[in-house]
Amino acid sequence: MKGTLFAIQHYAVHDGPGIRTLVFLKGCPLRCAWCCNPESHDPRPQLRYIPFRCKGCLNCVSACTLQTLEVEDGKIRRDFGICQVCVSKDCVEACPYEAVSLSGKEISEEKLMDKIARDAPFYRNSGGGVTFSGGEPFNQPEFLIRMLQKCRELNIHTAVETCGWTTHKILREAIPLTGLFLFDLKIIDPENHLRYTGQPVGPILENLAILAASHPEVIIR
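These figures come from a predicted structure and were not determined experimentally.

Peer 1: Which residues make up the side chain of T197, and what are the values?
Peer 2: Here T197 lies in helix α8 (residues 190–197). Residue classification places T197 among the buried residues on the basis of a relative accessible area of 0%. A distance of 2.6 Å separates a polar atom in the side chain of T197 from the backbone oxygen of H193. Within the local environment of T197, its side chain forms a polar contact with the backbone oxygen of Q199, the two atoms lying 3.3 Å apart. In this view, T197 contacts L30, R31, C32, W34 and K186; residues no more than four positions away in its chain are not counted.

Peer 1: Account for the nonpolar core, with residues named and values stated.
Peer 2: By size, the foremost hydrophobic cluster in this structure holds 32 residues, and its most contacted members are I116 and F132. Of all elements in the fold, only β2 (20–25), α4 (109–117), α5 (120–126), β8 (129–133), α6 (141–153), α7 (168–174), β10 (180–183) and α9 (202–214) reach the threshold of two or more residues within this core. A total of 6 residues in this core trace back to one element, the largest contributor, which is α6. Setting aside residues up to four positions removed in sequence, I116 forms contacts with V23, Y123, V130, F132, M147, C151 and I156. If you look at the next biggest cluster of nonpolar residues, it comprises 10 residues, including C60, L69, I76 and C95.

Peer 1: Please provide a residue-by-residue account of the state of the cysteines, values included.
Peer 2: One pass over the structure, following the stated rule, counts 0 disulfides. C36 takes part in no disulfide bond, and the closest cysteine sulfur, belonging to C35, lies 5.7 Å away.

Peer 1: So what about the pattern of salt bridges? Which residues, and what values?
Peer 2: In total, this model carries 8 salt bridges according to the counting rule given. Of the charged contacts, one joins K150 and E109 as a salt bridge, the two residues approaching to 3.7 Å between their closest N and O atoms. Linking K150 in helix α6 with E109 in helix α4, this pair joins segments that are 41 residues apart in sequence. Its salt-bridge partner being E161, residue R221 comes within 2.8 Å of it at the nearest N-O pair. Of the two residues, R221 is situated in the segment after β11 (218–220) and E161 in strand β9 (residues 157–162); the sequence distance between them amounts to 60 residues. For R221, a relative accessible area of 37% corresponds to the partly exposed category. Members of the salt-bridge network, linked through shared partners, are D15, E161, D184 and R221.

Criteria and cut-off values
- Residues numbered from 1 in each chain as written.
- Predicted model: local features only at pLDDT ≥ 70, side-chain atom pairs only at ≥ 80, totals over all residues.
- Heavy atoms only, no water.
- Helix = DSSP H or I, 4+ residues; strand = E, 2+ residues; numbered from the N terminus.
- Buried < 20%, exposed > 50% of the residue type's maximum accessible area, 1.4 Å probe, protein only.
- Polar contact = N/O pair within 3.5 Å; in protein donor to acceptor, adjacent residues only side chain to side chain.
- Contact = heavy atoms within 4.5 Å.
- Core = buried A, V, L, I, M, F, W, Y, C linked by side-chain atoms within 4.5 Å.
- Disulfide = S-S within 2.5 Å.
- Salt bridge = Lys/Arg side-chain N within 4 Å of Asp/Glu carboxyl O.

Coordinates in, geometry out; function isn't part of it.
If you want it as structure tokens, here you go:
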């Protein structure tokens, strides 16, 4: 099984007890007006282009598999609709200035577990573990549940940072596998929640009620 991440952060201390590895899963159902990680919205890997880094070396033009990049007045023109569906992304490796990069990368459960297990001594000595965040980790429910199971098998403490948007069924699957829930409750007022996040707050509050009634470690943030 594979999942899509947009970042992994080691030696974190603010998202659960002890020293932790933060695993950021890509994809989120909310569109919060203040979101500081908009690159996490789409569950797919996405091409990013930072114009001021481009030095005009044209390596990406030569590497373009689809031959869709054009040069006009010394500037590179690209059709991002075509670029996003390109499977090779050869232009990313060809750019020496990191003007072109990928936001998000697929990873197998085995490779991710290997990265997590490397930090096991820090978990044991500090009472830490792994925190799955996003985006919204429940946006990739099968991968999340699988990783929680594998961490449990290795006796690694798990935390899930969630906005609360998931089904009751998936949430109940995650409850016995999760040591701590960090519940990011955005807005309680229904009208404002819908206005500023794009989703109703009702299902989120229902999931919070389920956690409050069935899990001893829930922190509302």
